[in-house]
Amino acid sequence: MKFIKGGVCAAKGFSAAGLHVGVKTKNKDKKDIALIVSEAPCHAAAVYTKNIVKAAPLHVTQSHLSDGKARAVFANSGNANACAPRGIENAVRMCKAIAAELNIETEDVIVASTGVIGQELPIEIIESGVSKLAASLNSGADGSKDAAHAIMTTDLTVKEAAAEFEAGGKTLKIGGIAKGSGMIHPNMGTMLAFLTTDCAISADMIQKALKDAANISFNRVSVDGDSSTNDMLTLMANGLGGNEEITKPGADYDSFTKALGEVCIQLAKMIASDGEGATHLITCKVKGAPSETIAEIASKSVISSTLVKAAMFGADANWGRILCAMGYSGASFDPEKVNVAFESAAGRVQVCENGKGLAFDEDTAKKILTEHEIIIDIDMQSGEKQCICWGCDITYDYIKINGDYRT
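Residues numbered from 1 in each chain as written. Predicted model: local features only at pLDDT ≥ 70, side-chain atom pairs only at ≥ 80, totals over all residues. Heavy atoms only, no water.

J.: Quick question: what am I supposed to make of the overall build of the protein here?
T.: Looking only at helices and strands, one finds twelve helices and 16 strands in the protein. Compactness check: the protein gives a C-alpha radius of gyration of 21 Å against a globular reference of 22 Å for 407 residues, within 12% of the reference. Counting only C-alpha atoms and orienting by the principal axes, one finds that the protein spans roughly 70 × 55 × 35 Å. Charge-centre separation for the protein: the mean point of 40 positive side chains lies 1 Å from the mean point of 49 negative side chains. (Helix = DSSP H or I, 4+ residues; strand = E, 2+ residues; numbered from the N terminus. Rg over C-alpha atoms; globule rule 2.2 N^0.38 Å. Lys, Arg positive; Asp, Glu negative; His and termini not counted. Charge placed at Lys NZ, Arg CZ, Asp CG, Glu CD.)

Below is the structure:
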């Protein structure tokens, strides 16, 4: 497997587009509708937020994917169409409008929205831009980038990833785009991610692979502890890569899931790095655990801790907050065996050994913690399992962004 360029258009037979139609009223330079289309029918699957308050597009997409098939993704930003008047009706109207333009079945459209909750979707504005959107479809890297821009809300950076892998004697590709900056927490942790592949794989195997990939990537990310109403991860596979369809576990399936997992991890890290107001990407590695579950529980708790996030913002090597977060996480471990170190491109410093503080140079620690990516390296010394989760620091700007997000 190797990473390549092209994002959601890297795989054969996929094109994408994005443009501004007016859902976002404050900035006409920001694209607000996105489209991803396959030239051939696809097996498809999705994973959704665990929040019981779900946006209308999720309900519609769940219904449309009940047969495991899709041809297109149609998404908007600037309005979440969640808890909104005529939510289901407007989500269906989005599907019908783009389906008619593409000459495909309405039920073959995945629909998604992101933005402000509780406001009615300006459906007529979206419908007015469908023809222009479809006409601007591009199978190159620009198509992927335009679509990635169009699903951004408070994101500051475009999030794209793609990989090439071998299966069934064929060279296949998988790629995707994502958005997410705030309201991000493990549980499909407002994030959207759309993946495409030219691998031939059954709908049942896609669903299993996608759920497993989400569990080692997006579900191991936290920005602010809030699980959105709109979180959605989808995957379409059109089989144009020419491999024999993967219908059961085996070497080909393992190759596919490896590439899928790595693409999802790349996108998840981009979401954590671009957290609202964030200045640091925090990678928490918990190793030496008796089980992966225990390592994951502890790691998630550390990257979700407001006090740990605040310490990282201040470049303060306050490792006691890390042990504290592990202690209330629910993970079973022996505190008197835990080692903690901070690491970055500027070096490494161990601050805790066997649950007790070590003397360390504060200036060295501060230098390490001023780098953009900070690694919190934790060793439980109680087994051979490990887990990595990702988060970001919390800053003054997070409050500024969310204090008047709606107005």
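J.: What is the right way to look at the nonpolar core in this model?
T.: What tends to happen in soluble globular proteins is that the nonpolar side chains get buried as a cluster. Counting residues in each nonpolar core, the largest one holds 39 residues, and the members touching the most others are Ile174, Leu195, Ile201, Phe218, Phe256 and Leu260. Dropping the residues within four chain positions of it, leucine 260 is found in contact with Ile174, Leu195, Ala209, Leu210, Ala213 and Leu235. In terms of nonpolar packing, the next biggest core, distinct from the first, is built from 36 residues, Val349, Cys352, Ile374 and Ile376 among them. (Core = buried A, V, L, I, M, F, W, Y, C linked by side-chain atoms within 4.5 Å. Buried < 20%, exposed > 50% of the residue type's maximum accessible area, 1.4 Å probe, protein only. Contact = heavy atoms within 4.5 Å.)

J.: Looking at this structure, I do not really get the packing of aromatic side chains. What am I missing?
T.: Pairs of aromatic rings are described using the distance from one ring centre to the other and the angle between the two planes. Inspection of every chain in the model, using the stated rule, returns two aromatic pairs. Consider the rings of phenylalanine 313 and tyrosine 396, whose centres lie 5.3 Å apart with planes at 90°: the pair is edge-to-face. Placement of phenylalanine 313 in helix α9 (residues 306-313) and of tyrosine 396 in helix α12 (residues 396-403) is noted, with a sequence separation of 83 residues between them. Under the relative-accessibility criterion, phenylalanine 313 is labelled partly exposed at 29%. What makes tyrosine 396 exposed here is its relative accessible area of 61%. (Phe/Tyr/Trp six-rings, centres within 6.5 Å; stacked < 30°, edge-to-face > 60°.)

J.: What should I look at first to understand helix α1 (residues 56-64) in this one?
T.: Side chains that are three or four residues apart share a direction in an α-helix, a result of its 3.6 residues per turn. Listed as buried for α1 are Ala56, Pro57, Leu58, Val60, Thr61 and His64. Check the buried side of α1 and you find it contacts β3 (33-48), β4 (69-79), α2 (87-102), β5 (109-116) and β10 (232-237).

J.: Please clarify how the pattern of salt bridges should be interpreted in this entry.
T.: Pairing between side chains of opposite charge can happen when their charged atoms approach one another. Counted according to the given criterion, the structure contains 16 salt bridges. Salt-bridge contacts for lysine 258 lead to glutamate 262; the nearest nitrogen and oxygen are separated by 3.2 Å. Pair noted here: lysine 258 and glutamate 262 are both in helix α7 (residues 251-273), with a separation of four residues, about one helical turn. Under the relative-accessibility criterion, lysine 258 is labelled partly exposed at 48%. Glutamate 262 gets classed as partly exposed once you look at its relative accessible area, which sits at 22%. Here aspartate 377 ties to lysine 287 by a salt bridge, and the two come within 3.6 Å at their closest N and O atoms. Here aspartate 377 is found in strand β15 (residues 373-379), whereas its partner lysine 287 is found in strand β11 (residues 281-289), with 90 residues between them in sequence. (Salt bridge = Lys/Arg side-chain N within 4 Å of Asp/Glu carboxyl O.)

J.: What should I look at first to understand the sheet that holds strand β16 (residues 385-392) in this one?
T.: Consider a sheet: its strands pair through backbone hydrogen bonds, and that pairing is either parallel or antiparallel. Taken in spatial order, the seven strands make up an open sheet running β9-β16-β11-β15-β12-β13-β14, and their pairing is mixed. Unpaired on one side and paired on the other, β9 (221-222) and β14 (356-357) mark the two borders of the sheet. Where β9 meets β16, two bridges bridge the pair, whose relative direction is parallel. Following the sheet pairing, valine 221 is matched in β16 by tryptophan 390. Of the strands in this sheet, β9, β11, β12 (339-344), β15 and β16 are in contact with α9, which crosses β15 at around 130°. (Pairing = 2+ DSSP bridges. Axes fitted to C-alpha atoms, helices over the stretch in contact; angles between N-to-C directions.)

Function cannot be read off these values alone, since they describe shape.
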